[in-house]
Amino acid sequence: MLKGETKTGFKYQIEEQVTDDYELVELIVEAEENPLVFPKLINRVLGPSQLKALKEHVRDKEGRVSAQKMVAEITDIFQSQDKVKK
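Below you will find a few notes about this structure. The structure presented is a predicted model; accordingly, all values stated were derived computationally and were not measured.

What follows concerns a nonpolar patch on the surface. Judged by side-chain polarity, Tyr22, Val25 and Val29 come together as a nonpolar surface patch covering roughly 320 Å² of accessible area. On the secondary structure map, Val29 appears in helix α1 (residues 22–33).

What follows is the structure, given as structure tokens:
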């Protein structure tokens, strides 16, 4: 299990199997061509319950989930896990 915390304090866990998931690789490639696939990719990495928790973490007072904040959090997760793997 890969565990971490984003700069804003969101704690997450990623199953080790995710690092050896060919369908995730396909989603990454597809997301480069079509950014609308990005939510499926994140769901595959975090799972539905953590994705829901992440959205709640970035939700503002008006109830909106900022796309920019979501991308920043997810970028932080990927960058910190790259450091762990090295």
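This part takes up the packing of α1 against helix α2 (residues 38–46). Between α1 and α2, the shortest axis-to-axis distance is 9 Å and the interhelical angle comes to 155 degrees. The angle between α1 and α2 falls in the class roughly antiparallel. In this structure, α1 crosses over α2, and the sense of that crossing is left-handed. Two secondary-structure elements touch here, α1 through Glu23, Leu24, Leu27, Ile28 and Ala31 and α2 through Phe38, Lys40, Leu41, Arg44 and Val45. Across the contact of α1 with α2, the residue classes tally to seven nonpolar, no polar and three charged.

The rules behind each value
- Residues numbered from 1 in each chain as written.
- Predicted model: local features only at pLDDT ≥ 70, side-chain atom pairs only at ≥ 80, totals over all residues.
- Heavy atoms only, no water.
- Patch = residues over 30% accessible without salt bridge, like charges linked within 9 Å, V, L, I, M, F, W, Y side chains within 5 Å.
- Areas by Shrake-Rupley, 256 points an atom, 1.4 Å probe, with all protein chains shown as cover.
- Salt bridge = Lys/Arg side-chain N within 4 Å of Asp/Glu carboxyl O.
- Helix = DSSP H or I, 4+ residues; strand = E, 2+ residues; numbered from the N terminus.
- Axes fitted to C-alpha atoms, helices over the stretch in contact; angles between N-to-C directions.
- Parallel < 35°, antiparallel > 145°, perpendicular 65-115°, else oblique.
- Left-handed = near helix turned anticlockwise from the far one by under 90°.
- Contact = heavy atoms within 4.5 Å.
- Nonpolar A, V, L, I, M, F, W, Y, C, P; charged D, E, K, R; others polar.

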